[in-house]
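Chain and residue survey
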Amino acid sequence: MLSILMARLRQGHRTASYPRLPPVLPERFRGRPVLDPDACAAGCRECDGVCPTGALVAGRGRLTLDLGRCLFCGECARRCTRGAIRFTRDHQLAARRREDLTLDGKEVRLAAALDEKSRRLFGRSLKLRQVSAGGCNACESDCNVLNTLVFDLGRFGIQFVASPRHADGLVVTGPVSRNMEMALKKTYDAVPSPKIVVAVGACSISGGIYGGHPEQCDGVAGIVPVDVFIPGCPPHPYTILDGLLQALGRVSAARDS
Amino acid sequence: MTSILQWAVARNGTPLARSDIPLLDGETFRDSIVDAVADDGKVAALFGHRTEGDASVDLYAVLACRDAAVLRVARTRVNGTGFPSLTPRCTQVHLFEREIAEGFDLIPEGHPWLKPVRFLRTGSSAPLIGVTNYYRVEGEEVHEVAVGPVHAGVIEPGHFRFQCHGEQVFHLEISLGYQHRGVERAIVSGLPLRAIHYMETLAGDTTIGHATAYCQALEGLCGCAVPARAQILRGIALELERLANHTGDLGALAGDVGFLPTASYCGRLRGDFLNMTAILCGNRFGRGLIRPGGVGYDLDAKSVSDLRDRLALALRDVGNAVQLLWNSPSVMSRFSETGRVSLETCRQLGMVGPAARASGMEADVRQDFPSGIFRFAQIPVSTGAEGDVFERAHIRWMEIQRSGEFILEQLKMLAEGSIRVDPASVAGDSLVVSLVEAWRGAVCHVGLTDSAGRWSAYKVVDPSFFNWTGLAMALRNQQISDFPLCNKSFNLSYCGHDL
Ligand code: SF4
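Along each chain, numbering runs from 1 in the same order as the chain's sequence is written. Written order decides the labels, with chains lettered from A and ligands numbered from 1. Restriction of local features to residues with pLDDT of at least 70 applies here, the model being predicted, together with a cutoff of 80 or more for giving and counting side-chain atom pairs; totals for whole chains, interfaces and linings are based on all residues. Each side-chain value is derived from all of the structure's non-hydrogen atoms; neither hydrogens nor water enter the calculation.

1. Points about the overall build of chain B
Put simply, the test is: Only DSSP runs of H or I covering at least 4 residues are called helices, and only runs of E covering at least 2 are called strands; the numbering of each starts at the N terminus. Atoms considered for the radius of gyration are the C-alpha atoms alone. The globule rule reads 2.2 Å times the number of residues to the power 0.38. Accessibility here uses a 1.4 Å probe with only protein chains present; expressed as a share of the type maximum, an area under 20% marks a residue as buried, one over 50% as exposed, and anything in between as partly exposed. Reported accessibility uses the Shrake-Rupley method at a 1.4 Å probe radius. Residues are deemed covered only where the shown protein chains occlude them. Counted as positive: Lys and Arg. Counted as negative: Asp and Glu, with His and the chain ends omitted from the count. Each charge is placed at NZ for Lys, CZ for Arg, CG for Asp and CD for Glu.
What chain B contains, in helices and strands, is 16 helices and 16 strands. At 22 Å, chain B has a C-alpha radius of gyration in line with the 23 Å of a compact globule built from 499 residues. Projected onto the principal axes, the alpha-carbon positions of chain B cover approximately 70 × 60 × 40 Å. Residues counted as buried form 65% of the 499 residues belonging to chain B. Total accessible area computed for chain B in this model is approximately 17000 Å², and 51% of it derives from carbon and sulfur atoms. Within chain B, one finds 47 positive and 56 negative side-chain charges whose respective centroids are separated by 4 Å.

2. Things to note about the interface of chain B and chain A
Going by this rule: Should any heavy atoms of two residues lie within 4.5 Å, those residues are counted as being in contact. Here's the idea: put two parts together, see how much 1.4 Å probe accessible area each one loses, and the total over both is what we call buried area. Between Lys or Arg on one side and Asp or Glu on the other, a salt bridge is scored when a side-chain nitrogen of the former is within 4 Å of a carboxyl oxygen of the latter.
On the side of chain A, 59 residues touch chain B, which itself brings 57 residues to the contact. Around 4800 Å² of area is buried between chain B and chain A when both sides are counted, 53% of it from carbon and sulfur atoms. A per-residue breakdown of the area chain B buries against chain A is headed by V154(B), R181(B) and R268(B), which together make up 15% of the total. Scanning the region where chain B abuts chain A turns up four salt bridges.

3. Considerations on the nonpolar core
Residues and elements named next belong to chain B. Counted only if it meets this: Side-chain atoms within 4.5 Å are what join buried Ala, Val, Leu, Ile, Met, Phe, Trp, Tyr and Cys residues into a set we call a nonpolar core.
Counting residues in each nonpolar core, the largest one holds 118 residues, and the members touching the most others are F273 and F335. Leave out the neighbours within four places in its chain, and F335 touches L253, A254, V257, L325, W326, D388, V389, F390, A393 and L485. In this structure, L16, V34, C65 and V352 belong to the second largest nonpolar core, which totals 53 residues.

4. Side note on the environment of G384(B)
Residue and element names in this part refer to chain B. One can find G384 in the loop between α12 (365-368) and α13 (389-412). Residue class for G384 comes out buried when judged on its relative accessible area of 14%. Expressed as a C-alpha distance, the spacing of G384 and K459, which sit 75 residues apart in the sequence, is 31 Å.

5. Looking at helix α5 (residues 178-190) of chain A
Along α5(A), the residues that are buried comprise N179(A), M180(A), E181(A), A183(A), L184(A), T187(A), Y188(A) and A190(A). Lining the buried residues of α5(A) we find β6 (126-132), β8 (169-173) and β9 (196-200) of chain A.

6. Things to note about the packing of aromatic side chains
To keep it simple, the criterion reads: A pair of aromatic rings is counted whenever rings of Phe, Tyr or Trp (Trp by its six-membered ring) have centres within 6.5 Å, and the orientation is called stacked for planes under 30 degrees apart, edge-to-face for over 60 and tilted otherwise. A ring has a charge above it when a Lys NZ or an Arg CZ is no more than 6 Å from the ring centre and no more than 35 degrees off the ring normal.
Counted under the stated rule, the structure contains 19 aromatic pairs over all chains. Relative to Y135(B), the ring of W113(B) lies with its centre 5.7 Å away and its plane at 35°, an arrangement referred to as tilted. Residue W113(B) is located in the loop between β8 (107-109) and β9 (142-147), and its partner Y135(B) is located in the loop between β8 and β9; the two are separated by 22 residues in the primary sequence. Residue classification places W113(B) among the partly exposed residues on the basis of a relative accessible area of 27%. Of the residues examined, Y135(B) reaches a relative accessible area of 40% and is grouped as partly exposed. Aromatic rings pair up to connect F160(B), F162(B), W468(B), F483(B) and Y494(B) into one cluster. Positioned above the aromatic ring of Y188(A) is the side chain of K195(A), whose terminal nitrogen or guanidinium carbon lies 4.1 Å from the ring centre. Over the ring of Y134(B) we find R161(B); its NZ or CZ atom is 4.0 Å from the centre of that ring.

7. Some words on empty space enclosed by the protein
Heads up, the rule is: Grid spacing is 1 Å over the protein atoms alone, the probe is 1.4 Å, and a cavity is where that probe fits but cannot get out, while a pocket is an open set with protein on both sides within 12 Å along at least five of seven lines and lining residues have an atom within 4 Å of a point. Grid points are joined across faces, edges and corners, and a volume is the space filled by probe spheres set on the points. Each residue is assigned to one of three groups, with Ala, Val, Leu, Ile, Met, Phe, Trp, Tyr, Cys and Pro labelled nonpolar, Asp, Glu, Lys and Arg labelled charged, and all others, Gly among them, labelled polar.
Across all of its chains, the model carries 12 cavities of 30 Å³ or more by this definition. If you add up the space inside the largest cavity, you get close to 200 Å³. F29(A), R30(A), P234(A), H236(A) and N283(B) are, among the 19 residues lining the largest cavity, the residues nearest its centre. Partitioning the lining of the largest cavity into residue classes produces nine nonpolar, six polar and four charged. Of the volumes computed, that of the second largest cavity is approximately 140 Å³. If you go around the second largest cavity, you meet 16 residues; those closest to its centre are T212(B), Q216(B), L238(B), S371(B) and F374(B).

8. Re the domain arrangement of chain A
Residues and elements named next belong to chain A. The condition that has to hold: Either an automatic procedure or a domain database provided the assignment from which the domain bounds are taken. Any pair of nitrogen or oxygen atoms within 3.5 Å is treated as a polar contact; in protein, a donor-acceptor pairing is required on top of that, and neighbouring residues in sequence qualify only through side-chain atoms on both sides.
Partitioning chain A into domains gives domain 1 (33-90) and domain 2 (116-247). Counting residues at the interface gives eight residues for domain 1, matched by eight residues for domain 2. For the domain 1 and domain 2 pair, buried surface summed over both sides reaches about 570 Å², with 72% attributable to carbon and sulfur atoms. Where domain 1 meets domain 2, there are zero salt bridges. The tally of links from domain 1 across to domain 2 stands at one residue pair in polar contact (both at pLDDT 80 or more).

What follows is the structure in C-alpha cells.
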C-alpha cells in the first residue's frame, strides 16, 4: 500500500491544463493547412500527382484542399516551392458540414455548435458509443487516449459507453467496410433519438486512403447522417476533443490563417 | 530431408530471380514443408498467385529456418479445383490454406476447418460476414456466448463464439474479416502513390513495423543502400513503437484486473512514447517517417538531447509503475496460470512475438534474420517459460527495458550523413521476402514483381495472423470472465489480420 502511495507521488499530476491553456503539440505537428492560391504561378505543375487521396486540386487558377480526404502527409507542401501550401500547427479541424472541409485559401468555416436543443440535451453530459468500421485502429487509439488522465475526457461530461442503448450518439471511425455496414446501421438504430454521429478520421469522412475501394463505403455519411466531421489520419487527440467540445459549444475556435 | 535442398535460399530483404524459384510437384512441396517445420522451421508465408493467362494458380511458400538463418522459397502449381490440404500434417498452414481457398476458389481437400477468413465478396460466393458453421459443443448444460462485432470498448470489430459449460470455456472460435478493406489487392492494382500509405495503415499501431518491411522489400529490389543514419532512425522508431505499445498493454492488463494505479500511469506513459515518435516526424504513430530509400525526417542535435531526456524520464516512470504490478499479490494471482499456451501449441500454430517468447520460443527476427541497424546492434531476446498472462506481461517489461537501452545507446552515436537516397528502378521478375520484428512479432511481406518491375503480387502477414488462434487456445478450460484479460495479454490486431 505504501509503495502505491509513493508511486502516486512520484508519478505526479498529469492532466493537461487544456482548454484553459492551448494544447502542447509536437514541433513538427502538421495541423490545419493554409493555402495561398495567389502564390501559384500559371502553368506550375509542382504538386501535380503528389496527393495520394486526391485531396489537393490545383490548376486553372484554383487551389483547394479537402481536409476530409487529407492524410496530412505533408507531401504537397514539401513539393511546393512557392509557399502556396503550408501546414500550421493549429489542431482545430472539425466542421459541421462536409463541404466546409474544403479549403480554398479564403475564409475558414468553423465548426459551429449543435443546435440549441441538442446542446441543452448533450452539453453537460454526452455518452458516446464508438463503432470501428474498417480503418487501421489509429483513430480508435486516439479516441481511447482521451480516457487517460492526460486528457481526462470525463471532466467534460463526455464518456464512451458500452452499449448503444446507453448512448446519445456514435463516434464512427474507418471508411465503413462492406463487412461492417450492417453492424453500423444496427448500432445506429439501437441508439435512442435524438442522437448525433461524429465521424473521426479521413477514412470515416471520405474513405481516406481506401477511398474508391469496392470493399468499403467511402465513409459514414452514405450510411448514417453525420453531425460532426473530424479530419486527420489519425486526428490528434486534441483535434478529436476540440471537435467534440466545439459541437457542444464548450470551446470556441481561435483560428488565424 | 533432402527435398528442402531443392528450395531456393533467400535472405531477409534480398531479392531472388523468379526463375530461380523451383517449381516442385505438390507432394515434394508439401513433404519438404512438413520436414522443415519438424526441424523447427516456420511457414512465414504461403500464398497463391494466378499464373499468366489465369490458367492455374502457383502456391508460393516461404520458410523461415532459424537454425540455418536462411529463408527458403519454392512453389508448386495447382491445376484444377483443389489440392490436398497440408493442414492435417502441418497446423501452421491452416489459415493460409483457408485464405487461398477464399481468394482463388480452390479447395484444400481434407482441410479440417475450412471456413471463410475475411468473408470476401468476390469469387463465386458472396458470404454474409460472420455467418459460418461455427464449431459447437452440444449437451444439456452447454451454452454458447456470442460477442461482437461491435464490442463494449473502443476497439476493432470481430466476432467471438464461446462454447461454455457454466463459467468454463470449452472452446472459443474467433471469426474476423470485418476490417477487410482490400489492401493486398490495391497494392497490386491501385495507385502506386498510395502504396506507402497502405503500409502505414495496415495496422495503425504498427505503422513503423509494416512501413519498414515494405521499404526494405522495395529497397532490396532496387539494390539501394539505405544510409546508416536512416537505418538508425528507423531502428529507434521501431523500438519506440514497441515501447509505446508494450507500456499501453501493461496498463491495460492492470486495468483488466482492476489495479488502477498502473493502469492510469501506463496510459499516460504510452502517450509519452507516442509523443517521442512525434518528435521524429510530427505524427504520434510515425506517419511520414519511413520512406523508400531512408526516412522522411532528420533529427537535429537539440531533438536528440530532448528525446534522450524524455526517454530516460519515461523509462524511469514505467519502471516505477510496472514494479507495482509485480509487488501486488492480488495482481500476480490473477496473472499467474491464467490463459496458458504451451510451447508445443506455439510451435504448432507458428505463433510469433512476445506471445511465443512467453511460452519459451526464442524467436526474434532482430536476432534470427537481422536487417538494418540490427545487423550491428543486437538486442538480447527475452523469453519466458510458462506461457501464461504473467509471462506475456513480464516479457513486455523485459523488452521495454532492452528497447529503452537500445534507443539511448543509438542516440549517443547517431551516424552523420544523409537520411535518404533515391531508390533506383525496381528489379523485374523477382521475389523478395522482408521480415521485421514489430512489437507484436514478425511482420512478413513478400513481393513478386512482373517483367516491368511492378508488383504482380504482394503478400502481407501480420503477426496477428498466427496469434489469433493462440488466443483461442489460451481460453480453453479457462473461465469466460478471464477472456478480457487473456485477450489483452495478446492484444492482437484485427485490421492487420483482415487487411
Ligand atoms: S498533405 Fe493532404 S493534400 Fe497534401 S499530399 Fe498529403 S494527403 Fe494530399
